[in-house]
There are 4 protein chains.
Amino acid sequence: MIKVGLIGYGYWGPNIARNFNAHEEAEISIISDIDPEALSRAQKAFPKIETTADYKDITRSKEIDIVAIITPVSSHYEPAKDALGNGKHVFVEKPFTATVKEAEDLIELAEKKSLQIMVDHTFLFTGGVKKIKELIDNNTLGDLYYYDSTRVNLGLFQHDINVIWDLAPHDLSIMNYVIKDQPTAITANGVDHFGRGIEDVAYVTVYFDNNLIAHFNVNWLSPVKIRNTLLGGTNKMLVWNDLEPDEKIRIYDKGVDIKNKKGVYDLLVDYRSGDMWAPKVDKTEALKIETEYFIECINDKKRPVNDGSAGLDVVRILEATNESIKNNGKMVRL
Amino acid sequence: MIKVGLIGYGYWGPNIARNFNAHEEAEISIISDIDPEALSRAQKAFPKIETTADYKDITRSKEIDIVAIITPVSSHYEPAKDALGNGKHVFVEKPFTATVKEAEDLIELAEKKSLQIMVDHTFLFTGGVKKIKELIDNNTLGDLYYYDSTRVNLGLFQHDINVIWDLAPHDLSIMNYVIKDQPTAITANGVDHFGRGIEDVAYVTVYFDNNLIAHFNVNWLSPVKIRNTLLGGTNKMLVWNDLEPDEKIRIYDKGVDIKNKKGVYDLLVDYRSGDMWAPKVDKTEALKIETEYFIECINDKKRPVNDGSAGLDVVRILEATNESIKNNGKMVRL
Amino acid sequence: MIKVGLIGYGYWGPNIARNFNAHEEAEISIISDIDPEALSRAQKAFPKIETTADYKDITRSKEIDIVAIITPVSSHYEPAKDALGNGKHVFVEKPFTATVKEAEDLIELAEKKSLQIMVDHTFLFTGGVKKIKELIDNNTLGDLYYYDSTRVNLGLFQHDINVIWDLAPHDLSIMNYVIKDQPTAITANGVDHFGRGIEDVAYVTVYFDNNLIAHFNVNWLSPVKIRNTLLGGTNKMLVWNDLEPDEKIRIYDKGVDIKNKKGVYDLLVDYRSGDMWAPKVDKTEALKIETEYFIECINDKKRPVNDGSAGLDVVRILEATNESIKNNGKMVRL
Amino acid sequence: MIKVGLIGYGYWGPNIARNFNAHEEAEISIISDIDPEALSRAQKAFPKIETTADYKDITRSKEIDIVAIITPVSSHYEPAKDALGNGKHVFVEKPFTATVKEAEDLIELAEKKSLQIMVDHTFLFTGGVKKIKELIDNNTLGDLYYYDSTRVNLGLFQHDINVIWDLAPHDLSIMNYVIKDQPTAITANGVDHFGRGIEDVAYVTVYFDNNLIAHFNVNWLSPVKIRNTLLGGTNKMLVWNDLEPDEKIRIYDKGVDIKNKKGVYDLLVDYRSGDMWAPKVDKTEALKIETEYFIECINDKKRPVNDGSAGLDVVRILEATNESIKNNGKMVRL
């Protein structure tokens, strides 16, 4: 039986705990949190576990195999380092770390110790994202023109990170997962409306070679919740509306062919507008698949797709957005 | 009877002609186009008018009072200048001109001649936009946090202007109309996918003082048509979905209050989430109201809200986006 | 040139006139209406036509080939009879007639005179309905379980017919067109809220052999407009939302297989839930196709699908609903 | 501490158990089910409880105060009778009983023993239904014209009851709750597509005095899930879409005034079309409120609104639909 210790039993921790515990080869055996109320909730939900206020009781425990770190990003590095240093595999909430440097350190340490890091890019394990990846991999969409995501809602304001660090890791991890090309540069614009030095409305543009462009609209001050991603390709176009209960993915047989005859005024544009198709999408809870996959990666000593390196790729873009916002939207090379 | 001469009977010209002609004090009396087929369609729709291939037959005609110029933007300046020079009022399609310089010239000429210029910012005359203006003017929304518009669809690719010049003038003219503050700077990012030097996907961010931020997502390659604008204010928040047949404007009694107790970790955020309200919105055809208003402005010698100066404000931002895109999204001061 | 005389230039008449007039082999040459204002509108729209207050100037005119009767249903029979009696083909608004008897008379007269009757079941010529027919004819849907339509909105209250006679002819004509089986019986329930003896909310159920059932929810007092039809089949299920601008028809790969093992408590139900697919649907104006088809039927002496007999089938059901409502929803055999 | 025994731990039972158990004055102490797998799930979820295959271990237990019966309707009567006979309060799944006779028996027995019956009409405790009741009670809607519900989806086919008994109890209990008038008669039409003698598509019309009409469209064979209720009133009209995550209730300032001048052809209809308003609706889990309310009713010896009598009112209508369907939609007086 693989023993899992969990650090941080706030909003998301209970879901991680529940899913590891439901795995037939794993069980939650100890949970830490600095908030005694959180611990008492944990104890009630999992009567057989130990609880502690000190995460080192987990990272240094003899019996623990996996340390799951579900704390604010500023508290990822220390416990992760301690866990890896003590021979534990690490499952860590997104974004991976607060800086590129931290991520690189942890990756190096895990390498040296032959341990696994999994960054909780949960969305990669949803039926929707798996379908998008499949449609890109099998060339249904063709070459991509753009990847355009709107992820806005009211709250939840974070204390320590801005709206980009809070919401964009979802999109960035998905973008990196489904698009093979490497992003080359970014720009970011954003505003802080409450004088905290923490942007609550922001826009990120990501450049690739080959004229692929990605854009992320993230906003904590929207009256409506929107989770909408458009992908335009040379063959087909796709809309992913994650709030749709059933048809989350819609594929449009739409496109455009441009033929220059002699000059710009002779431009001929053919618009293609055909059927729409909403493939069935797997509805299994993503976190169940992700935790099972982590156990499998550990057992089979295989590297997860959402390993430390995937986490670092996201942090590198996030760090670049800090610099771009500070410089009025200046393009920052990656 | 006010005589109107129309230059350019393409996609939009027929609507302008129909509305001027329906006015009881005005009538279309001559239409020019370089395309004989367009003229034959015009003749069929308005059997009593003259038609001509040479716009100067209009701008220099003795009997014409208003010249309506409904041509591509690169063909606005010359006929407008000729019309004003010959004592005619000018109604001109948006965007007003291809450059700030052209706009300034025309405004100066109109001033000197005491003639009116109206730029066809049609949206200002829709029930939706009038309602938004009313809700901002009477402080229903409170101070604005942001203005965020998505205006995407498949096509129509323009030959001579990019997607910003094509689609954003709608949003920019609305933004300038409903927001009293002046924009201070912009950034723009965009990509040309067809090697024409004409961006088909672009993002524009507009900065104001007081942390108000505006953002425009314009795209000719979207499989779905979206016309969605979010406005966040300190009192209320608003969503304008122009594709809704009935409830185009929705006002949300939603908001956030942030109270810092002692430090960032003591942050208290109160979320307010109350009723939603969709006020009835006037459905009169905007172009009918706009053309009537132009006749009224001419009769009463009053300056329209969508005068040359309003047109120039939009062109100034558009020109700045050219510079920003060329410089990788660099912020350009206005 | 085929000459068309039009009786009734109210709400719908102008569309009929415009479409016949746009046909290259036909032209509107005379329009009658008892309302002088209607005639003056007609004259303005079609400057070359004659107008008259007396429809007999049309039905008895020497030069007229087709008489289009676009009046309330109580005024269909007399002019249609006069037109046929005088050798004219008849295009008549739906519902065909006020009684089965009238419909049978007109059909007999047309037979005797070898003249064509077309009943304006416009919906049969929409892309949506043609697609539904195609999907049933090629067995995509399989055997039908049910046909269920909701057609509700606020107003327009009719003076002389109830909401069933006003709204259901659309659905009934479509049902008869796409379903090969004959309806065998109906029930109808409805209420008159304004003491006029005219139901404004009503429900019609139509029975077929083979357990196919159809249902029509028609309502003049709904705050929202709904035009939604569900069709369940053994192979696929379909939703037709006529208010959708683009994906009007959605086909669901959903279904159910029931296997009785030994008894009711051993019942095994397999639910199939696969992809959804929205085929492209022709957007040509239905009335254009319908009027062209009438000219074609006349030229080729072929019977239209929406002939007098199709009109009679609808009137027969409508007449039965009168009887059923009067008898508290009693089933009436057709 | 109030001890609750639960009979039937299938699909819905776990929710009942969880909510009673979460109450600070109550706890689940024993659960019965004929399926051993259900019992093992129950034991896992509530480690401290007893389990049994024989419901009489619950109904005859000394320590049990409330018996919750969450079984198919055919298995309500016997355990309920046994529970009441042994002095226990009864919480019973809807529909209350399989026949009017059974319901009357149980009500009589509860009266005699001064015990409470609560029928699980969960919807009465949702924010949406409470808001509708409030809007009717305070005359916001005015006098009602109609109540029109569509409740369709794919499956779940029941073994022992038809689609009316399965889905309509929700609507009927809501209708009875929000409308003060008594229904006077019903008609029902339906079809069984699988030769089981169990209708899977059905339509119920309910008549009231004062021309109020209610209609229920229930269907197990719909490709899409619809939960839509329209209520038309003389003052306002309301749409309740229970699938909307946020604006479940929309109130339309729409209506119609009919003025007969002299006769039917002089009919004047005024349509009123004003604002729409979506009031905030309480999102607390209905079952939490309902179970707390039952404890409160028991403690305070007050009769719940969803008592046996409310359950009987629904069963009486259901029984009438059986008769109407058997007689081809004949009206059945209540």
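Residues numbered from 1 in each chain as written. Chains lettered and ligands numbered in written order. Predicted model: local features only at pLDDT ≥ 70, side-chain atom pairs only at ≥ 80, totals over all residues. Heavy atoms only, no water.

Visitor: Sorry, what's going on with the interface of chain D and chain B here?
Guide: Frequently, the measure chosen for interface size is the accessible area removed from exposure when the parts meet. The interface of chain D with chain B comprises eleven residues on the first partner and eleven residues on the second. When chain D packs against chain B, close to 990 Å² is buried across both sides, 42% of that on carbon and sulfur atoms. Broken down residue by residue, the surface that chain D buries against chain B is led by D275, M276 and K280 of chain D, which jointly contribute 45%. Where chain D packs against chain B, one counts zero salt bridges. (Contact = heavy atoms within 4.5 Å. Buried area = accessible area lost by both parts, 1.4 Å probe. Salt bridge = Lys/Arg side-chain N within 4 Å of Asp/Glu carboxyl O.)

Visitor: What is the right way to read the packing of aromatic side chains from this model?
Guide: Centre-to-centre distance and the angle between the planes together describe a pair of aromatic rings. Counted by the stated rule, this structure contains 28 aromatic pairs over all chains. Pairing F20 of chain B with F91 of chain B gives two aromatic rings, centres 5.5 Å apart and planes at 85°, and the pair type is edge-to-face. Here the residue F20 of chain B occupies a position in helix α1 (residues 13-22), and F91 of chain B occupies one in strand β5 (residues 89-93), the gap between them amounting to 71 residues. According to the relative accessible area criterion, F91 of chain B is buried, its value standing at 0%. By way of ring pairs, the aromatic residues F20, F91 and F294 of chain A are connected into one cluster. In this structure, K133 of chain C is placed above the aromatic ring of Y177 of chain C, and the distance from its NZ or CZ to the ring centre is 5.0 Å. (Phe/Tyr/Trp six-rings, centres within 6.5 Å; stacked < 30°, edge-to-face > 60°. Helix = DSSP H or I, 4+ residues; strand = E, 2+ residues; numbered from the N terminus. Buried < 20%, exposed > 50% of the residue type's maximum accessible area, 1.4 Å probe, protein only. Lys NZ or Arg CZ within 6 Å of the ring centre and 35° of its normal.)

Visitor: Just to check I follow, could you spell out the sheet that holds strand β6 (residues 117-120) of chain A for this structure?
Guide: As a general point, the strands of a sheet are linked pairwise by backbone hydrogen bonds and lie either parallel or antiparallel. Residue and element names in this part refer to chain A. Strand order in the open sheet made by the six strands is β3-β2-β1-β4-β5-β6, with parallel pairing throughout. The open sheet has two free edges, formed respectively by β3 (50-52) and β6, since each of these has just one partner strand. For this sheet, the mean inter-axis angle between neighbouring strands, taken without regard to orientation, is 20°. Bridge count for strand β1 (residues 2-7) against strand β4 (residues 66-69) is four bridges, and the pairing is parallel. Each bridged residue has a counterpart across the sheet, and for G5 the counterpart in β4 is V67. (Pairing = 2+ DSSP bridges. Axes fitted to C-alpha atoms, helices over the stretch in contact; angles between N-to-C directions.)

Visitor: Honestly, the side chain of D166 of chain C in this entry has me stumped. Any pointers?
Guide: Residue and element names in this part refer to chain C. As for its position among the elements, D166 is in helix α7 (residues 163-178). The buried charged residue D166 lacks any salt bridge partner; its closest oppositely charged side chain belongs to K94, at an N-O distance of 4.7 Å. Leave out the neighbours within four places in its chain, and D166 touches K94, L156, Q158, I161 and W220. (Lys, Arg positive; Asp, Glu negative; His and termini not counted.)

Visitor: What exactly am I supposed to notice about the relation of the copies chain D and chain B here?
Guide: Turning one copy of the chain about an axis and sliding it along that axis gives the other copy, so a rotation and a shift relate them. Rotating chain D by 180° about the axis while translating it 0.0 Å along that axis superimposes it on chain B, leaving an RMSD of 0.0 Å. Such a combination of turn and shift is consistent with a two-fold rotation axis. Scanning chain D for the C-alpha nearest the rotation axis identifies W277 of chain D, at a separation of 2.2 Å. Taken as a fraction of all interface residues of chain D, those also at the interface in chain B reach 100%, which identifies the copy contact as same-surface. (Least-squares fit on C-alpha atoms with pLDDT ≥ 70 in both.)

Visitor: For this particular structure, what's the right way to read the interface of chain A and chain B?
Guide: Between chain A and chain B, the residue contacts involve 55 residues of the former and 55 residues of the latter. Buried surface at the junction of chain A and chain B, summed over both partners, amounts to about 4,800 Å²; 66% is from carbon and sulfur atoms. Inspection of the region where chain A meets chain B yields zero salt bridges. At the boundary of chain A with chain B, the tally comes to 19 residue pairs in polar contact (both at pLDDT 80 or more). Residue assignment for the side of chain A that touches chain B shows that the elements contributing at least two residues are β7 (144-154), β8 (183-191), β9 (201-208), β10 (213-219), β11 (221-233), β12 (237-241), β13 (249-259) and β14 (268-278) of chain A. (Polar contact = N/O pair within 3.5 Å; in protein donor to acceptor, adjacent residues only side chain to side chain.)

Visitor: Any chance you could explain the domain arrangement of chain A here in plain terms?
Guide: Residue and element names in this part refer to chain A. The domains assigned to chain A are domain 1 (2-115) and domain 2 (124-283 + 317-333). Just the C-alpha atoms count here: the centres of domain 1 and domain 2 sit 31 Å apart. Both faces combined, the contact of domain 1 with domain 2 buries some 620 Å², and carbon together with sulfur accounts for 64% of it. Put simply, domain 1 and domain 2 have zero salt bridges between them. Across the domain 1-domain 2 interface, the total number found is two residue pairs in polar contact (both at pLDDT 80 or more). (Domains from an automatic or database assignment.)

Visitor: What's the story with the packing of helix α5 (residues 100-113) of chain A against helix α9 (residues 308-326) of chain A in this structure? I'm lost.
Guide: All names here are of chain A. Close contact between α5 and α9 brings their axes to 9 Å; oriented N to C, the two are set at 170°. As far as their axial angle goes, α9 and α5 are roughly antiparallel. Seen from α5, the contacting residues are V100, A103, E104 and I107; seen from α9, they are G308, S309, L312, V315, R316 and E319. A per-class count over the contact of α5 with α9 returns five nonpolar, two polar and three charged. (Parallel < 35°, antiparallel > 145°, perpendicular 65-115°, else oblique. Nonpolar A, V, L, I, M, F, W, Y, C, P; charged D, E, K, R; others polar.)

Visitor: When you look at the sheet that holds strand β2 (residues 26-32) of chain B in this model, what are you seeing that I'm missing?
Guide: All names here are of chain B. The six strands are arranged β3-β2-β1-β4-β5-β6 in an open sheet whose pairing can be described as parallel. Looking along the sheet, the strands with just one partner apiece sit at the ends: β3 (50-52) and β6 (117-120). Ignoring which end each strand starts from, the neighbouring axes of this sheet average 20° apart.

Visitor: I would appreciate a short explanation of the environment of M237 of chain C in the present structure.
Guide: By the secondary structure assignment, M237 of chain C is in strand β12 (residues 237-241). Using a relative accessible area of 0% as the deciding quantity, one classes M237 of chain C as buried. Each C-alpha atom of the pair M237 of chain C and N322 of chain C lies 31 Å from the other, and the pair is 85 residues apart in sequence. With residues up to four places along the chain from it excluded, the contact list for M237 of chain C reads Y145, L231, G232, R250, I251, Y252, K254 and G255 of chain C together with L154, L221, S222 and P223 of chain D.

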